[in-house]
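Residues per chain are reported as follows:
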Amino acid sequence: MSAPYPEVGDWYRYTGGELFEVVAVDTDDETIEVQHFDGTIEEIDFDSWESQWQDRAFEAAEAPEDWSGSVDMEPENNGEEDEGAPDRQSAGPLGFFERSH
């Protein structure tokens, strides 16, 4: 059974339960970058991808409902207190333009 071709945005689960997402595929270098749920980035070459699939080290999975674990941000750090953050009133498509003039 051949491994599925990795597509950016696809989610997989290691046998131990850890989720990861394909975040980049480089066909020239034959590498796949995956981001683990904790935010760690790992590079896997095409041969290892195929081998791990054959060994059933991972399987296709659904994206988690709460994927914030893969984002390097504390829940309370949502940018609202940051002086550079846009205010909610001018958050429309022209908000930045209107604030800069």
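Residues numbered from 1 in each chain as written. Predicted model: local features only at pLDDT ≥ 70, side-chain atom pairs only at ≥ 80, totals over all residues. Heavy atoms only, no water.

> Help me out: how do you make sense of the overall build of the chain in this one?
Helices and strands together make up the secondary structure of the chain, namely two helices and five strands. Sorting the 101 residues of the chain into buried and exposed places 23% on the buried side. For the chain, contacts bridging at least 24 residues in sequence account for 40% of all contacts bridging at least 6. Summed over its atoms, the accessible surface of the chain is roughly 7,600 Å², and 47% of this surface lies on carbon and sulfur atoms. (Helix = DSSP H or I, 4+ residues; strand = E, 2+ residues; numbered from the N terminus. Buried < 20%, exposed > 50% of the residue type's maximum accessible area, 1.4 Å probe, protein only. Contact = heavy atoms within 4.5 Å. Areas by Shrake-Rupley, 256 points an atom, 1.4 Å probe, with all protein chains shown as cover.)

> What am I meant to see in the nonpolar core here?
As a rule of thumb, nonpolar side chains are buried together in soluble globular proteins. With 11 residues, the main nonpolar core is built from A3, Y12, Y14, F20, V22, I32, V34, I44, W49, W53 and F58. Where this core is concerned, the elements lending two or more residues are strand 1 (11-14), strand 2 (19-26), strand 3 (31-36) and helix 1 (46-54). Not counting the four nearest positions on each side in its chain, I44 is found in contact with Y14, E30, T31, I32, V34, W49 and Q52. (Core = buried A, V, L, I, M, F, W, Y, C linked by side-chain atoms within 4.5 Å.)

> It is not clear to me how the packing of aromatic side chains should be interpreted in this structure. Could you clarify?
What characterises a pair of aromatic rings is the spacing of the ring centres plus the angle enclosed by the ring planes. Following the criterion strictly, the structure yields 10 aromatic pairs and no others. Geometrically, the ring pair formed by Y5 and F46 is edge-to-face, given 6.4 Å between the ring centres and 80 degrees between the ring planes. Residue Y5 is located in the segment before strand 1, and its partner F46 is located in helix 1; the two are separated by 41 residues in the primary sequence. For Y5, a relative accessible area of 45% gives the class partly exposed. Geometrically, the ring pair formed by Y12 and F20 is stacked, given 5.7 Å between the ring centres and 25 degrees between the ring planes. Neither Y12 nor F20 differs from the other in exposure class; each is buried. (Phe/Tyr/Trp six-rings, centres within 6.5 Å; stacked < 30°, edge-to-face > 60°.)

Limitation: the analysis is restricted to geometry and does not speak to function.
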